[in-house]
Amino acid sequence: MNTLDLLLLAVSLSMDAFAVSICKGLSLGKINWRHMVLAGLWFGGFQALMPTIGYGLGSFFADMIDAYDHWVTFILLSAIGLNMIKESFEDEEHCDASMSPYTMLMLAIATSIDALAVGVTFAFLRVDNILSAVCFIGCTTFVLSAVGVKVGSVFGARFQSRAELFGGVVLIAMGVKILLEHLGVLG
């Protein structure tokens, strides 16, 4: 996986956390740097943890489905992307201002489930340096989540659904690209 693909993937995976962070910033109203750092740590940490777990699970199965791994990758990324696109058209969810550990844990898990599936695709793609890949995803999510809290407090919910739509489209495009490369259509 090249650097541009990893960047696009990291930004796409971060879009759910970014959207929730916008909602948090909106509900908090007046924010400080601690709100931004807290959101970044929770969401960035889980966006790094989940693909690591997925990679471990996927590595176990990768050899068993080696001939079909590109199809599995395409299906997983497309399913995640379609779900994000669908969510972008749904009514805005109400987000409360709580930054309690329980609330943030539940939000971090909910926004990083797709990263678990991406971790499985990393195993199928035989990503060489999984540690740097998941750290990059976690750091990207940290930054976008912190920025999302600020954006939410300043601009409101205008960008929330657009972020999810963008993330979904990019994930589907990456799945198609990987499939076409494995089928020999793209070089």
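The structure contained in this document is the topic of the report that follows. (Residues numbered from 1 in each chain as written. Predicted model: local features only at pLDDT ≥ 70, side-chain atom pairs only at ≥ 80, totals over all residues. Heavy atoms only, no water.)

1. Concerning the overall build of the protein chain
Move 1: Secondary structure summary: the protein chain contains six helices and zero strands in total.
Move 2: The helix and strand sequence of the protein chain, counted from the amino end, reads α-α-α-α-α-α.
Move 3: For 187 residues, the compact-globule estimate of 2.2 N^0.38 gives 16 Å, and the C-alpha radius of gyration of the protein chain, at 16 Å, lies within 12% of that figure.
Move 4: Projected onto the principal axes, the alpha-carbon positions of the protein chain cover approximately 50 × 30 × 25 Å.
Move 5: Each of the 187 residues in the protein chain was classed as buried or not, and the buried ones make up 47%.
Move 6: With an accessible surface of roughly 9200 Å², the protein chain has 70% of that area assigned to carbon and sulfur atoms.
Move 7: Taken together, the 9 basic and 15 acidic charged side chains of the protein chain have centroids lying 14 Å from each other. (Helix = DSSP H or I, 4+ residues; strand = E, 2+ residues; numbered from the N terminus. Rg over C-alpha atoms; globule rule 2.2 N^0.38 Å. Buried < 20%, exposed > 50% of the residue type's maximum accessible area, 1.4 Å probe, protein only. Areas by Shrake-Rupley, 256 points an atom, 1.4 Å probe, with all protein chains shown as cover. Lys, Arg positive; Asp, Glu negative; His and termini not counted. Charge placed at Lys NZ, Arg CZ, Asp CG, Glu CD.)

2. Concerning the nonpolar core
Move 1: Counting residues in each nonpolar core, the largest one holds 26 residues, and the members touching the most others are Leu9, Val118 and Phe122.
Move 2: Elements represented by at least two residues in this core include exactly helix 1 (3-28), helix 3 (69-89), helix 4 (101-125), helix 5 (130-155) and helix 6 (160-182).
Move 3: For this core, the leading source of residues is helix 1, giving seven residues.
Move 4: When residues no more than four places from it in sequence are discounted, the contact partners of Phe122 are Met1, Leu6, Leu9, Tyr55, Val127, Ile130, Ala133 and Ile137.
Move 5: Judged by nonpolar contacts, the second largest core, of 11 residues, contains Val20, Ala39, Phe46 and Val149. (Core = buried A, V, L, I, M, F, W, Y, C linked by side-chain atoms within 4.5 Å. Contact = heavy atoms within 4.5 Å.)

3. Regarding unusual backbone geometry
Move 1: The phi angle at Arg126 is positive, at roughly 55°, despite the residue not being glycine.
Move 2: With respect to the element layout, Arg126 can be found in the loop between helix 4 and helix 5.
Move 3: Residue class for Arg126 comes out partly exposed when judged on its relative accessible area of 39%.

4. Focus on helix 1
Move 1: For helix 1, spanning 26 residues, the distance from its first C-alpha to its last is 35 Å, which sits close to the expected 38 Å at 1.5 Å a residue.
Move 2: When the local axis directions of helix 1 are compared, the greatest deviation, roughly 40°, occurs at Met15.
Move 3: Counting buried residues along helix 1, 19 of its 26 residues qualify, which places the element largely inside the surrounding structure.
Move 4: The N-cap of helix 1, judged by a side-chain oxygen 3.1 Å from the amide nitrogen of Leu4 a few residues on, is Asn2.
Move 5: Where helix 1 terminates, the next one or two residues include Gly29, which has phi positive at roughly 75°. (Expected span 1.5 Å × (residues − 1). Bend = angle between axes of the 7 residues up to and from the residue. Polar contact = N/O pair within 3.5 Å; in protein donor to acceptor, adjacent residues only side chain to side chain.)

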